[in-house]
Amino acid sequence: MDSIRIRGGKPLTGDIAIGGAKNAALPLMAASLLTPEPLTLTNMPELADISTMGNLLRQHGARIDQSALGAGECDDEAGATGRTTTLRSDKIASVTAPYDLVRRMRASVLVLGPLIARCGEAKVSLPGGCAIGTRPVDLHLKALEQLGTKIELKQGYVHATVPKRLKGTQIVFPKVTVGGTENILMAATLAEGETVIENAAREPEIANLADCLNAMGAKISGIGSGTLRVTGVERLHAAKVAVIPDRIETGTYAVAAAITRGRIELKGTRIELLESVFSAMKQAGVEITPTSSGIVVAAKNGLAGVDVMTEPYPGFPTDMQAQWMALMATASGASMITETIFENRFMHVPELTRFGADVNVHGASAIVRGRAQLSGAPVMATDLRASVSLVLAGLAASGETMVNRVYHLDRGYERLEQKLEACGAEIERLGGG
């Protein structure tokens, strides 16, 4: 397996281009199953999870064409750059999402709603648990049943059928679920009548999906709020939509600037996508300045500890918790980090302590007492965001750090080493034996 070697202790300076959001691109790709006409997505990231979803969609019969833009090229009014992907699902070859594909990525379950809505049938492997805690799909299934779907669980698969057409209804999620909101939102676009989704997730990625569905001919209102109203239509059509900037990539590189006490301009992103994180960073003493092309993040010595609690959007995102812990390990004073989304999301703590970080976990909270200096160490990655927190700590630490099992990083960060190296980091990937 590959490893990443870092020689830290250098302030990072320069520019980093932020790519399209993985967590927006995946449901947008799944939405292509709703129509026989082409869906073109611009500003697409090039990541392992995107490839996995592409392979799953091909298994369902989709044809996928990709093109990359050259430096400085732009493919839409929003200024998005990167890959353009066109997905054509004119014929559904299979309604089965097999275990071998679904087990690699939980977002694969997002094909469930589109397949039921368009084909009246789906057979999707249960995704199971993951390293950061169980993320059950029971809320997806209960909501689909309310739309008229018959659900059976057999041999690890969800068998879903609907006799004619899904029927619009009122769905009240007992707790906020991003994947559940996305699945039901897609399914409801082709349902008969109106569907009202209460306690819907409000993430920008869901707004991106809703805007895409509307561009395809859906009738969705309440976008960005906790109540979504969907008036079903008979058919969706072709559309071209840009993937929004990746707010977690934005936050991660903002922490890279702050933890090294450097200055980085994050290009192609928007401050409003991550207001909770930037608010906490400002409280800690980090300078955040919007520019015409993105955001400048700068920091000097003297950062202070700031308490955060992970919450559904617009609260502090759980996907930034590990990175925040790494930053707080270098700030003066104590800070408390409380995790309310996933039960096992402190697995990076033992690895951070190998750098000399002072972190004590008490149930769902961790107390971090900052140190003036971290020291490089060999560490082991456990999941995507934990992996990048170890890279961030390595950038700040004196001496050499070796981060092992970095394949997790490729699921969510495109060209991470190159982007950091361009800002002055001494970082390289080493191939496994």
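Since this is a predicted model, take the numbers as computed values, not measurements.

*Asks:* Residue-level account of the sheet that holds strand β12 (residues 219-221), with values.
*Replies:* The pairing of strands in a sheet happens through backbone hydrogen bonds and is either parallel or antiparallel. Spatial strand order, β10-β11-β13-β12: four strands in an open sheet with mixed pairing. Bordering the open sheet on either side are β10 (170-172) and β12, each of which pairs with just one other strand. Each adjacent strand pair in this sheet contributes to an overall mean axis angle of 15°, direction not counted. Here three bridges tie β12 to strand β13 (residues 227-231), and the two strands are oriented antiparallel to one another. Bridged to Ser221 within β13 is Arg229.

*Asks:* Can you break down helix α8 (residues 247-259) residue by residue, with the values?
*Replies:* Taking 1.5 Å of rise per residue, the 13 residues of α8 would be expected to cover 18 Å, and the 18 Å separating its terminal C-alpha atoms lies within 8% of that figure. Among the 13 residues of α8, 13 are classified as buried, and the element is accordingly described as predominantly covered. Sitting at the head of α8, Asp246 places a side-chain oxygen 2.9 Å from the backbone nitrogen of Ile248. Following α8 by one or two positions, Arg261 adopts a phi angle in the positive range, close to 55°.

*Asks:* Run through the pattern of salt bridges, naming residues and quoting values.
*Replies:* Counting across every chain of the model gives 22 salt bridges. Between Arg429 and Asp2 there is a salt bridge, with the nearest N and O atoms lying 3.4 Å from each other. One end of the pair, Arg429, is in strand β24 (residues 426-430); the other, Asp2, is in the segment before β1 (3-7), with 427 residues separating them in the sequence. Each of the salt bridges in this network shares a partner with another, and the network as a whole consists of Asp2, Asp410, Glu417 and Arg429.

Conventions used here
- The numbers attached to residues start from 1 for each chain and follow its sequence in the written order.
- Only residues with pLDDT of at least 70 get local features here, since the model is predicted, and only at 80 or more are side-chain atom pairs given and counted; chain-wide, interface and lining totals rely on the full set of residues.
- Side-chain calculation: all heavy atoms of the structure are included, whereas hydrogens and water are not.
- Any two strands are treated as partners once DSSP identifies two or more bridges connecting them.
- Only runs of H or I of at least four residues qualify as helices and only runs of E of at least two qualify as strands under DSSP, and these elements are numbered from the N terminus.
- Each axis is a line fitted through C-alpha atoms, and for a helix only the stretch in contact is used; angles between axes span 0 to 180 degrees, taken between their N-to-C directions.
- Residue count minus one, scaled by 1.5 Å, sets the expected span of a helix.
- The buried label goes to any residue with under 20% of its type's maximum accessible area, the exposed label to any with over 50%, and the partly exposed label to all in between, with areas taken from a 1.4 Å probe on protein chains only.
- In the analysis that follows, any N or O atom pair within 3.5 Å is treated as a polar contact, provided that within protein one partner can donate a hydrogen and the other can accept it, and provided that, for residues neighboring in sequence, both atoms belong to side chains.
- A side-chain nitrogen of Lys or Arg and a carboxyl oxygen of Asp or Glu constitute a salt bridge if their distance falls within 4 Å.

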